[in-house]
Amino acid sequence: MTDTASKSGSNEQKRRKVTVPWLIRMKQKGLKIAALTAYDFTMAAIEDSAGLDIILVGDSAGMVISGAPDTLAVTLDEMIFMTRNVRRGVKTALLVTDMPFGSFQISKEKTVEAAIRLMKEGGAEAVKLEGGKQNLEAIRHLTSIGIPVMGHLGLTPQSVHAFGGFKLQGATDKSAERIKEDAIALQEAGVFSIVLEKIPLDLAREVTASVDIPTIGIASGPYCDGQILVAYDMLGLESQYMNLRFVRRYMEGADLIRNAVGRYISDIKNGEFPREDESWHS
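Residues numbered from 1 in each chain as written. Predicted model: local features only at pLDDT ≥ 70, side-chain atom pairs only at ≥ 80, totals over all residues. Heavy atoms only, no water.

Here we look at the overall build of the chain
Okay, so step 1: Each helix and strand in the chain was counted, giving twelve helices and eight strands.
Okay, so step 2: A compact globule built from 282 residues would reach a C-alpha radius of gyration of about 19 Å, and the chain, at 21 Å, matches this within 12%.
Okay, so step 3: Put simply, the chain has 282 residues, and 48% of those count as buried.
Okay, so step 4: When contacts within the chain are restricted to residue pairs at least 6 apart in sequence, those whose partners lie at least 24 apart make up 58%.
Okay, so step 5: Total accessible area computed for the chain in this model is approximately 14800 Å², and 54% of it derives from carbon and sulfur atoms. (Helix = DSSP H or I, 4+ residues; strand = E, 2+ residues; numbered from the N terminus. Rg over C-alpha atoms; globule rule 2.2 N^0.38 Å. Buried < 20%, exposed > 50% of the residue type's maximum accessible area, 1.4 Å probe, protein only. Contact = heavy atoms within 4.5 Å. Areas by Shrake-Rupley, 256 points an atom, 1.4 Å probe, with all protein chains shown as cover.)

Printed below as a string of structure tokens:
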């Protein structure tokens, strides 16, 4: 075993299970929180072994997995299916699942039922709800019965039509004030963290300083307590959003896969795959 592999294995053994209380302590200690999305067992297992704090089963799957223009068509059953698969690959990260559009807007009872299904059938350890004050009653009820809730403010993709597109939020004094008020209200309702999506960095810094719970930024600058990206974007897997300003690409995944598939095709066409030593003999 190489020194690098030995150190990696040692670090993995030392890792603790990430919990809701631990994430709050991370903010208190000034420790940054790292999060990514996952939608299947294989990706989740790789991400978890790398040391992520949070893995989010995002309804962004509707866009990067299904090719839809937005997240609205994703169903609760689809979120449960993906969460169940991701659950099998996650050992130490906190597993959070998006509550899809329509699962929490109808009634408090429907919201509770959906959240319970995501946890009981999917294995989620927490759920994420988009929006602010309009969801306080549902959030209070969820947290009162022991369901951890992550909030989500700023650009909330399920409201894309109301916003007129995936636009920067909090750019005016009025909208910035609303986001700040919503953050305080969400904390008082019992959320353990808040995703801040596509808001100005100064506003994100102000919100982060105003709450005692972690803020997780996406397209909101460096002053949040943590950061999240869609994994497909960060890996360069030809998501339609991977070239946006806020996405840092850590590899050119699409090129790597395309080249590997090209070599595979060539080996088949040239009769070089499979070899006899890759086969069984009678």
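Notes on the environment of Leu229
Okay, so step 1: Inspection of the secondary structure puts Leu229 in strand 8 (residues 226-229).
Okay, so step 2: Separated by 106 residues in the primary sequence, Leu229 and Gly123 have C-alpha atoms spaced 22 Å apart.
Okay, so step 3: Excluding residues that lie within four positions of it along the chain, Leu229 makes contacts with Ala35, Leu36, Thr37, Ile218, Met234, Phe246, Val247 and Arg248.

A few points about the sheet that holds strand 1 (residues 33-37)
Okay, so step 1: Here we have eight strands rolled up into a closed barrel, ordered 1-2-3-4-5-6-7-8, and parallel in their pairing. The sheet shows a mean angle of 25° between the axes of neighbouring strands, direction not considered.
Okay, so step 2: Alignment of strand 6 (residues 193-197) against strand 7 (residues 215-218), held across four bridges, turns out to be parallel. Bridge pairing in strand 7 links Glu197 to Ile218. (Pairing = 2+ DSSP bridges. Axes fitted to C-alpha atoms, helices over the stretch in contact; angles between N-to-C directions.)

What to know about the pairing of strand 2 (residues 54-57)
Okay, so step 1: Of the two faces of strand 2, the one lined by Ile54 and Leu56 and the one lined by Ile55 and Val57 are each fully buried.
Okay, so step 2: Here strand 1 pairs with strand 2 via three bridges, running parallel. Counterpart to Ala35 in the pairing with strand 2 is Ile54.
Okay, so step 3: The handedness of the strand 1 to strand 2 crossover, carried by helix 3 (residues 41-50), is right-handed. (Right-handed = clockwise from strand over helix to strand, strands pointing away.)

Considerations on the packing of helix 5 (residues 76-87) against helix 6 (residues 108-120)
Okay, so step 1: For the pair helix 5 and helix 6, the least separation of the axes is 9 Å and the interaxial angle reads 25°. In terms of their interaxial angle, helix 5 and helix 6 are classed as roughly parallel. Between helix 5 and helix 6 lies a crossing of right-handed hand. Contacts between helix 5 and helix 6 pair Leu76, Asp77, Met79, Ile80 and Thr83 from the former with Ala114, Arg117 and Leu118 from the latter.
Okay, so step 2: When the residues that make up the contact of helix 5 with helix 6 are grouped by side-chain class, the tally is five nonpolar, one polar and two charged. (Parallel < 35°, antiparallel > 145°, perpendicular 65-115°, else oblique. Left-handed = near helix turned anticlockwise from the far one by under 90°. Nonpolar A, V, L, I, M, F, W, Y, C, P; charged D, E, K, R; others polar.)

With respect to the pattern of salt bridges
Okay, so step 1: If you walk through the whole model with that rule in mind, you get 15 salt bridges.
Okay, so step 2: Notably, a salt bridge pairs Glu125 with Lys17, separated by 3.1 Å at the nearest N-O pair. Of the two residues, Glu125 sits in the loop between helix 6 and strand 4 (126-128) while Lys17 sits in the loop between helix 1 (3-14) and helix 2 (20-29), which places them 108 residues apart along the sequence.
Okay, so step 3: Glu125 gets classed as partly exposed once you look at its relative accessible area, which sits at 23%.
Okay, so step 4: Looking at Lys17, the relative accessible area reads 28%, which means it is partly exposed.
Okay, so step 5: Asp77 is paired through a salt bridge with Arg117; the nearest N and O atoms lie 2.9 Å apart. With Asp77 in helix 5 and Arg117 in helix 6, this residue pair connects regions lying 40 residues apart in the sequence.
Okay, so step 6: Note on Arg117: relative accessible area 24%, which makes it partly exposed.
Okay, so step 7: The structure contains a network of salt bridges with shared partners spanning Lys17, Arg87 and Glu125. (Salt bridge = Lys/Arg side-chain N within 4 Å of Asp/Glu carboxyl O.)

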